[in-house]
Amino acid sequence: MIAGDNFLFTLHQFIISTLCLFFVYFAWRDQAAKTFDRLENVSLKIIVPLLIGLFLGLTMLFINEWGSAGIIISFAFALLITMSVFDPKYAVSFFIFLLISRPWEIFKDQVMAGMPRDIFVLCFLSFIGHKLVRKRFYFQWNMASACVLFFAVWTFFSIIPSEQIIGGLLNYEENFIKGIIVYFLIVNVVDKKEFILPIQSALVLGISEKAIMSFYNSVVLGKVAEGDRLVSTGIFENSNDIAAIMILVIPFTLSFLKGISSTILRYLFSVIVFSFYFYLIWQSKSRGAILGIGALAVGWFWLKSANKKLATFIVIVGFCLSIATMSLIKRDSEDVEGSTSNRKIYWLAALKMGIKHPLLGVGYDGFPLKLFEYTDGHVGTEGQFKTAHSTWLLALAETGVVGFIFYIGIWFYSFKSAWSMKIEHPEFILAILSYGTAITFLSHTYLLYPYILLGLTVASGQFYMKKKNEAPINGLEAALISKGLQ
């Protein structure tokens, strides 16, 4: 094992060990609360020795491969794989954590490089195996899932008329399809409310690791992107992207602090967490991310306020203040002006593409290739092959009006699910509002992170929407039904 940076390697060991503790705690809590689905006709006397044997065998295998420097990593991976076999919700959570954490970017090793493929296979086998053993031959299905499937299929068909079929197919398989698979895995492993917690913890810890890495690179090492902007590692080097996913995770991170009984400690940790993320997002100098922070703040205030009329007025004022705050960001005036001008060019081009090709758009990955054509050669100051810089408009441009409707349908149903949980779990609606605001200025249409958020929201919301739909009918509605008038 060759570690690229000792601090990053140590940080990953700490984060993945914390994930192990979370998983063990959730497993213990399931047993104590009797929320774990026991396997019928299978004795624990058989299961427990098999799992212990698997854990010990994997630990020795990884230590042999990674050496004494990788003892903690070996132990953690062995435990997480064993728990993935034990229950598919841990397999899905571990898979999501790996896709976000990306440890193969920190240290180089053949075994680690193959982990994404191997853990996905394990995740799939665990999911299907438990379905077969428990004789649960069904899949969770709703309008959001239908829209996700239709959007994925429509995006696939949009590749056919494009000018780069082979490249489009490769990118579709390598990038986009991962998010779709993760969405359906999340929705189908969450059979009870409590089952969402391991997935949330994987999301929070994975992004927290990237946030700390960003702080280390920018503050400790002094590494910054052009314009003295925040920079992280690997695929998260882009300042706007790392800021956007940090906005996504803030509400979920704060929700974990609700379990702290002491009010003073709870508010203290909440302030520390929010201040840490706000500092990093401010250092990213991403105007869309700052608007996302504003949306998070005003959304939280609106939910907590008893007087909704007054709250709505303050929300409008707060949104205006968020826009004004962007002027405080220390970026070169020419850079800001150029960025704004470029986005206008990209957005107008995306609208033209969607209107001119309403059925299939210009095809998946087709926006950069068609940008020169739909701007009459005026591509702005950033060059020719750029993306739309808007999640929504990119969907319209590359998949047409039909694909755009499917994509908006996913978010609409997810927003409806989040709204049904706004009292018990406001983190979902706040994450959708803040992250949705940020990606209005970024192209996250085909990335992994929106589908994790959408999957978490739909999976959790199913219990609250069912409860609402199954609520007893009282009052005038009951009287009308009894008289056959409704």
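Numbering of residues starts from 1 in each chain and follows the order in which that chain's sequence is written. The predicted nature of this model means local features are confined to residues of pLDDT at least 70 and side-chain atom pairs, given and counted, to a pLDDT of 80 or more, with totals for whole chains, interfaces and linings taken over all residues. Computation of side-chain values covers all heavy atoms of the structure but excludes hydrogens and water.

J.: Can you help me understand the nonpolar core in this one?
T.: Where a protein is soluble and globular, its nonpolar side chains tend to be buried together. Ranked by internal contacts, the top residues of the largest apolar core, which has 136 residues, are Phe77 and Phe367. The contact definition used throughout considers only heavy atoms, calling two residues in contact when any of these lie within 4.5 Å. With residues up to four places along the chain from it excluded, the contact list for Phe367 reads Tyr346, Ala349, Ala350, Met353, Val362, Lys386, Thr387, Ala388, Leu394, Ala397 and Glu398. The definition of a nonpolar core used throughout is a set of buried Ala, Val, Leu, Ile, Met, Phe, Trp, Tyr and Cys residues joined through side-chain atoms within 4.5 Å. Three exposure classes are used, based on accessible area relative to the maximum for each residue type with a 1.4 Å probe and protein chains only: buried under 20%, partly exposed in between, and exposed over 50%.

J.: I tried to follow the pattern of salt bridges on my own but got confused; where do I start?
T.: One side chain can pair with another of opposite charge once the charged atoms of both are near each other. The term salt bridge refers to a pairing of a side-chain nitrogen on Lys or Arg with a carboxyl oxygen on Asp or Glu at a separation within 4 Å. Across all of its chains, the model carries seven salt bridges by this definition. Three or more residues are tied together by salt bridges with common partners; here these are Asp30, Asp87 and Lys89.

J.: Quick question: what am I supposed to make of the side chain of Ser126 here?
T.: Numbered from the N terminus, helices here are DSSP runs of H or I no shorter than four residues, and strands are runs of E no shorter than two. Mapped onto the elements, Ser126 comes out in helix 6 (residues 115-133). Ser126 gets classed as buried once you look at its relative accessible area, which sits at 7%. Beyond its immediate stretch of four places on either side in the chain, Ser126 contacts Ser84, Val85, Asp87, Pro88 and Ala91.

J.: Please clarify how the environment of Cys147 should be interpreted in this entry.
T.: Take Cys147: it is sitting in helix 7 (residues 143-158). Relative accessible area serves as the criterion here: at 9%, Cys147 is assigned to the buried category. Along the sequence, Cys147 and Ile408 sit 261 residues apart, while their C-alpha atoms lie 8.6 Å from each other. Setting aside residues up to four positions removed in sequence, Cys147 forms contacts with Phe406, Gly409 and Ile410.

J.: Please clarify how helix 6 should be interpreted in this entry.
T.: Structural remark: α-helix, 3.6 residues per turn; residues separated by three or four positions point the same way. To estimate how far a helix should reach, multiply one less than its number of residues by 1.5 Å. In this model, helix 6 (19 residues) spans 26 Å end to end at C-alpha, consistent with the 27 Å of a helix rising 1.5 Å per residue. Buried within helix 6 are the following residues: Met115, Ile119, Leu122, Cys123, Ser126, Phe127, His130 and Lys131. All buried residues of helix 6 fall inside an arc of 160° around its axis, so they share one side. Exposed and oriented more than 90 degrees from the buried face of helix 6 are Arg117 and Leu125. Where helix 6 ends, the next residue or the one after it, Lys135, has phi of about 60°, a positive value. Directions pointing from the helix axis toward each C-beta atom define the arc.

J.: Just checking my understanding: could you explain the packing of aromatic side chains for this structure?
T.: Two measures describe an aromatic ring pair: the distance that separates the ring centres and the angle between the ring planes. Stacked, tilted and edge-to-face are the three classes assigned to paired rings of Phe, Tyr and Trp, where Trp is represented by its six-membered ring and a pair needs centres within 6.5 Å; plane angles under 30 degrees give stacked, over 60 edge-to-face, the rest tilted. Under the defined criterion, the tally for this structure stands at 38 aromatic pairs. Measuring from ring centre to ring centre gives 5.5 Å for Phe150 and Phe406, while their planes differ by 40°; the resulting arrangement is tilted. In this pair, Phe150 is assigned in helix 7 and Phe406 in helix 16 (residues 391-420), connecting sequence segments 256 residues apart. Overall, Phe150 belongs to the partly exposed group, its relative accessible area being 43%. Through a chain of ring-to-ring contacts, three or more aromatic side chains come together here, namely Phe151, Phe156, Phe157, Tyr172, Phe176, Tyr364, Trp392, Tyr407, Trp411, Tyr446 and Tyr451. Any Lys NZ or Arg CZ that is within 6 Å of a ring centre and within 35 degrees of that ring's normal is treated as a charge sitting over the ring. Over the ring of Tyr464 we find Lys193, and its NZ or CZ is 4.6 Å from the ring centre.

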